[in-house]
Amino acid sequence: MIGGSVADPALRLSRIEKHYGSTVAVAGIDLDVAEGEFVTLLGPSGCGKTTTLGLIAGFFPPTAGEIYLKGKPVADLPSFRRDIGVVFQDYALFPHMTAAENVAFGLRMRKVGSAQAAKRVQDALDLVKLGGLGDRRPLQLSGGQRQRVALARALVINPAVLLLDEPLSNLDLKLREEMRVEIVSIQRRLGITTVFVTHDQGEALVMSDRIAVMNQGRIEQLGDAASIYEAPATRFVAEFIGRMNLFTGTVTAERGVRIGDSTFGIEVPPQMAPGAAVHVAIRPERARLSAARPSEGVALAGTVRQVFYLGATREVHVDLAHGEKGFVELRNDGSDAGVQAGSAVWLSAAASNCRVLPAAAPGGRP
Amino acid sequence: MNFTRWRANHAPWAGLRLFVILVYVFSLGPILITAAVSFNSGNRSFFPPRGFSIRWWERAFAPEWLEPLWFSIKLGSLTALAATLLALPMAFALHRYRFRGRDALLALTLGPLMLPSLVTGVGLLQLFELLGLREYVGFTALIVGHVVICMPFAVRTVAISLSTLPPNLELAAASLGATRWATLRHVVLPLIKTGVVAGAVFAFIHSFTDVNLSIFLARPGEIPITVKILGFLEFGFAPTLAAVAVITLLLPLVLVAIVERVSGLGDFIYGDRK
């Protein structure tokens, strides 16, 4: 699988697996997270991302494989002996303790002296901008404030790694976008190694140094936001992150791709043999529409089925002559789109904007 | 306001009011009548009482009645303590783990709720004799029997309060460095405290008011107040008995009132916590 080796990783997952009876939740994951890095596990529900986080946290043991925290194997250690901080989706604050007591809990367990503990608790609450609310109980706090307490509680113990399990999904949209920025800024400031779990591609793209796209218990692709978006390795990744046109084709002997009756000169990965079934993936914002056939790249003839006006963009859906459907996103730059339902058009893209992916059954998209 | 609307608005409330009044009449009425009877001045139990005297109350505070009362308090307290201590780990296991025999354990724990305690009493008596433990019939056998029939209450209330715990609290505590014991002590127990206290109170009351089981396992000198009252009834209902009954009734009532004040016992009866 994709290893993503890093020298001296703060966290290393080595071939870890987790089975529940005959169900395989995590099917062998290798992942290195560098000191201070923010890595996101992104995938649909049931892809194994939360299970992977639980394995790192030590909530249950892996079926196979080893986990290294700062170079030390920890797979056999219970959660309370690992040096981790966890923020849960439901925050899991202790309802019978005040915000400050919640934050102090980890220090109390570590037998930190009370004067020092009080100072660190105050610093942590200040860090998440809750300085004045230390004596409130969780029930007296709003969702966003609870989230901040949970973050302070996980950070105050200076864990080797911070684990965030969909911490934003219970917040409303505006607050969610605010917290994205804030979590990243705190993470950068403290330089704390972080693993973040989400199903929200927007969060993943904005927040992460690197994203591991997970599907069916495996990492399908690991890379920074741009490389995941620009160069998806599989059909699953192409469809899960952003939106994508996928056209079915075959690799020809001349190392081009045949779609319908036409052959196009686009770059085919070397491991694909002539005759291999492939998908040609084109982002809708990289595709173009024209009345005349462009000379290079991929160009497919069709008829406009429908035009959707979306304000900042127009979305043009095209029935292609070879039987598939495609769509193009046109920026609303003031010029007339010049197309309407029934127009005969060419849907095209420069060769550099086309990616050839191995044909595969559609992934487990929710 | 016309009549139809008046009826639509008030008839259901009038019906509910009547129902509530009936509930009060039939639950409080007998108690008030008993209390009144205890102040009769004559030898017979009249209602309304004829004359006024507190001589039956003086008799009720004689050692003949205070001893079984004290015996019942001891029995109830020890039963409540033992039943709660046993219920805690059991409710925890039932709540937390899915293991082989879980359903069987659940049925065994809650079984005595459905079994007439009369049957349990006969069964226990025979068991003690079969095991050659005849000499333990009395206080020891009563403790065993009462724990058996009272534990379901404790298991149930503890289980209810465990099920109200937010799911990730224990994991959160573990991630912050708390051992299992520390998690139990600092997180779980403080949050299920009310359920534990409620379970103990229910166990005490059930033990204190039990007669069906106790009648088989008591022996002279080791008699709970309920069995003593039943025995006395053979000679007819004297006003003394009315006084004793009121005392016996007040004790659990006061206990419930105190606990309700301190910890909101009602939540467990009316299921607000579920």
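Counting its regular elements, chain A contains 8 helices and 20 strands. Considered along the principal axes of its C-alpha atoms, chain A spans approximately 75 × 45 × 35 Å. Scored against the burial criterion, the 366 residues of chain A give a buried share of 53%. Long-range contacts, defined as pairs at least 24 residues apart, comprise 66% of the intrachain contacts of chain A with a sequence gap of at least 6. Surface accessibility of chain A: about 16000 Å² in total, with carbon and sulfur atoms responsible for 51%.

Here we come to the domain arrangement of chain A. Under the domain assignment, chain A is made up of domain 1 (11-230) and domain 2 (243-358). Between the C-alpha centres of domain 1 of chain A and domain 2 of chain A the distance comes to 40 Å.

Strand pairing in a sheet relies on backbone hydrogen bonds. The paired strands run either parallel or antiparallel. Residue and element names in this part refer to chain A. Read across the open sheet, the 5 strands follow the order E15-E19-E16-E17-E18; overall the sheet is antiparallel. Of all strands in the sheet, those with a lone pairing partner are strand E15 (288-290) and strand E18 (325-331), marking the two edges. Averaged over neighbouring strand pairs, the angle between their axes works out to 45 degrees when direction is ignored. With 7 bridges connecting them, strand E17 (residues 313-320) and E18 associate as antiparallel partners. Counted as the bridge partner of threonine 313 is arginine 331 from E18.

Once that is clear, we can look at the packing of aromatic side chains. Residues and elements named next belong to chain B. Enumeration according to the criterion identifies 10 aromatic pairs over all chains in this entry. Here phenylalanine 39 and tryptophan 57 contribute two aromatic rings whose centre-to-centre distance is 5.8 Å and whose plane-to-plane angle is 25 degrees, an arrangement assigned as stacked. Linking phenylalanine 39 in the loop between helix H1 (3-37) and helix H2 (55-60) with tryptophan 57 in helix H2, this pair joins segments that are 18 residues apart in sequence. When its relative accessible area of 27% is taken as the criterion, phenylalanine 39 is described as partly exposed. The interplanar angle of 70 degrees and the centroid separation of 5.4 Å between the aromatic rings of phenylalanine 71 and phenylalanine 139 together place this pair among those described as edge-to-face. Of this pair, phenylalanine 71 sits in helix H3 (residues 63-96) while phenylalanine 139 is found in helix H6 (residues 139-163), placing the two residues 68 residues apart along the sequence. For phenylalanine 71, a relative accessible area of 8% gives the class buried.

Residue and element names in this part refer to chain A. Look at helix H3 (residues 114-127): 20 Å from first C-alpha to last across 14 residues, which is about the 20 Å you get at 1.5 Å a residue. Every buried residue belonging to H3 is among Ala117, Val121, Ala124 and Leu125, and all of these are buried. Viewed along the axis of H3, the buried residues span an arc of 95 degrees, placing them on a single side of the element. Across from the buried face of H3, at angles greater than 90 degrees, the exposed residues are Ala115 and Lys119. Residues of H3 that are buried make contact with helix H2 (99-109) and helix H4 (143-155). Residue lysine 129 follows H3 closely and has a positive phi angle near 60 degrees.

Residues and elements named next belong to chain B. Its volume calculated, the largest pocket comes out at about 670 Å³. What lines the largest pocket is a set of 29 residues, and nearest its centre among them are Arg96, Glu170, Leu171, Ala174 and Arg180. For the lining of the largest pocket, the secondary-structure elements that each account for two or more residues are H3, helix H7 (169-175) and helix H8 (180-209). The dominant element in the lining of the largest pocket, judged by the number of residues it contributes, is H8, at 5 residues. Tallied by class, residues from the lining of the largest pocket come to 20 nonpolar, 5 polar and 4 charged.

Conventions and cut-offs
- Residues numbered from 1 in each chain as written.
- Chains lettered and ligands numbered in written order.
- Predicted model: local features only at pLDDT ≥ 70, side-chain atom pairs only at ≥ 80, totals over all residues.
- Heavy atoms only, no water.
- Helix = DSSP H or I, 4+ residues; strand = E, 2+ residues; numbered from the N terminus.
- Buried < 20%, exposed > 50% of the residue type's maximum accessible area, 1.4 Å probe, protein only.
- Contact = heavy atoms within 4.5 Å.
- Areas by Shrake-Rupley, 256 points an atom, 1.4 Å probe, with all protein chains shown as cover.
- Domains from an automatic or database assignment.
- Pairing = 2+ DSSP bridges.
- Axes fitted to C-alpha atoms, helices over the stretch in contact; angles between N-to-C directions.
- Phe/Tyr/Trp six-rings, centres within 6.5 Å; stacked < 30°, edge-to-face > 60°.
- Expected span 1.5 Å × (residues − 1).
- Arc of directions from axis to C-beta.
- 1 Å grid on protein atoms, 1.4 Å probe; cavity = no way out; pocket = protein on both sides within 12 Å on 5 of 7 lines; lining within 4 Å.
- Points joined across faces, edges and corners; volume = space filled by probe spheres on them.
- Nonpolar A, V, L, I, M, F, W, Y, C, P; charged D, E, K, R; others polar.

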